[in-house]
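The residues making up each chain are set out below.
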Amino acid sequence: MVNKRTIFCDFDGPIVDVSERYYQTYLTGLRELQSNGVDGRMSSIRPMEKQKFWEMKQHRVPDSEIAIRSGVPEQEIDIFLSRVRELVNQPHLLHYDRIQPEARRAFHLLNQRGVRLILVTLRCQQQAVQLLHEFGLRSFFSDVYGTSDEDAAYTNSVDCKVALLRSAWHDHLHQYGRPIQSWMIGDTEADICAGQAIGIPTVAITTGIRSQSYLRRFNPTYTFDTLLHAAHGFVKRSTPTFTSCSDIHSICAMAQC
């Protein structure tokens, strides 16, 4: 098979906006605490507006701190956080996910230029494939790499993402050979660390679950605000630009993995 330029792309963030699902999960957890509370113990709970909640998520404010600032009593924080983790991937909440506005245009552009697209996501494999079909995007991807862990996407394990991308990279080398140009595109520190771990350029998308200022700490090769802008940047570069991470362990340690 003809060797091509290849993009390894994350799902949540660059392609899918998960902010409403995360916010609704947060609200549901707070409502359940309030409905189960007795003797007025939950009267202190005050849900944040979505913009404030999402800003805190983007700046990597711990979920426990978000709970405290929402008025969750200290003795109920662990119960609340456990319930949020249980809820976030429930089927009745997945309908809140939306395709990022310019994602489809980005894929059409890359497809026209003959770029091979490989999805590398911490979502469950079956769920990722199903959603790609529902969104009409499955045909753009030659391969999909997901997990078997329903909690992996929410916990955003750096080690898990590194292992997943390494597997995709090795399979690509075996099946297609080394691409003439490649990028890893994502919106979190896990994506950047994964790309650096295998020595390919990394692209940080800043409209996902991490802010631009936070992502800068991990030294991505490029930074774009949308997947479409990243796609335009990729097709304009006809030769690969490889970077190395001299101390991948220290960078990944910053991610609190």
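None of the values given here were measured: they were computed from a predicted structure.

**A short note on the pairing of strand β1 (residues 6–9)**
- Every second residue of β1 is oriented toward a common face, with Thr 6 and Phe 8 on one face and Ile 7 and Cys 9 on the other, all of them buried.
- The sheet contact formed by β1 and strand β4 (residues 116–124) spans 4 bridges and is parallel. Its bridge partner being in β4, Thr 6 is matched across the sheet by Arg 116.
- By the bridge criterion, 4 bridges tie β1 to strand β6 (residues 182–186) in an arrangement that is parallel. Each residue of the ladder has a partner; that of Phe 8, found in β6, is Met 184.

**Focus: empty space enclosed by the protein**
- Summed over all chains, the structure comprises 2 cavities of 30 Å³ or more.
- The computed volume of the largest cavity comes to approximately 100 Å³.
- If you go around the largest cavity, the residues you meet are Tyr 22, Thr 25, Tyr 26, Phe 53, Lys 57, Asp 63, Ile 66, Phe 80, Leu 81, Val 84, Val 88 and Tyr 154.
- Put simply, the parts of the chain that give the lining of the largest cavity at least two residues each are α1 (19–36), α2 (50–58), α3 (63–69) and α4 (77–87).

**Description of the sheet that holds β4**
- One open sheet accounts for 6 strands, arranged β5-β4-β1-β6-β7-β8; its pairing is parallel. The open sheet is flanked by β5 (143–147) and β8 (222–224), the only strands paired with a single partner. Taking the axes of each pair of neighbouring strands and ignoring which way they run, one obtains an average angle of 20° across the sheet.
- In this structure, β6 lies alongside strand β7 (residues 202–205), joined through 3 bridges in parallel fashion. Along β7, the bridge assignment pairs Ile 185 with Val 203.
- Helix α10 (residues 189–198) contacts β6 and β7 of the sheet and is inclined by roughly 175° relative to β7.

**With respect to the pattern of salt bridges**
- Per the counting criterion, the structure on display carries 12 salt bridges.
- Note that Glu 86 and Arg 83 form a salt bridge whose closest N and O atoms lie 3.1 Å from each other. Here Glu 86 and its partner Arg 83 are both found in helix α4, 3 residues apart, which amounts to about one turn of the helix.
- Note on Arg 83: relative accessible area 30%, which makes it partly exposed.
- Through salt bridges with shared partners, a single network forms among Asp 12, Arg 21, Asp 97 and Arg 123.

**Overview of unusual backbone geometry**
- With phi around 65°, Arg 60 is a residue other than glycine that occupies positive phi space.
- Locating Arg 60 in the fold gives a position in the loop between α2 and α3.
- On the basis of relative accessible area, Arg 60 is assigned to the partly exposed category, the value being 23%.
- In this model, Asn 219 sits at a positive phi of 55°, which is unusual for a non-glycine residue.
- Mapping Asn 219 onto the fold places it in the loop between α11 (212–215) and β8.

**A short note on the pairing of β7**
- Every second residue of β7 is oriented toward a common face, with Thr 202 and Ala 204 on one face and Val 203 and Ile 205 on the other, all of them buried.
- For the crossover from β6 across α10 to β7, the handedness is right-handed.
- Pairing analysis gives 3 bridges linking β7 to β8, with the strands arranged parallel. For Val 203, the partnering residue across the bridge sits in β8 and is Tyr 222.

Each value, and the rule that gives it
Residues numbered from 1 in each chain as written. Predicted model: local features only at pLDDT ≥ 70, side-chain atom pairs only at ≥ 80, totals over all residues. Heavy atoms only, no water. Buried < 20%, exposed > 50% of the residue type's maximum accessible area, 1.4 Å probe, protein only. Helix = DSSP H or I, 4+ residues; strand = E, 2+ residues; numbered from the N terminus. Pairing = 2+ DSSP bridges. 1 Å grid on protein atoms, 1.4 Å probe; cavity = no way out; pocket = protein on both sides within 12 Å on 5 of 7 lines; lining within 4 Å. Points joined across faces, edges and corners; volume = space filled by probe spheres on them. Axes fitted to C-alpha atoms, helices over the stretch in contact; angles between N-to-C directions. Contact = heavy atoms within 4.5 Å. Salt bridge = Lys/Arg side-chain N within 4 Å of Asp/Glu carboxyl O. Right-handed = clockwise from strand over helix to strand, strands pointing away.

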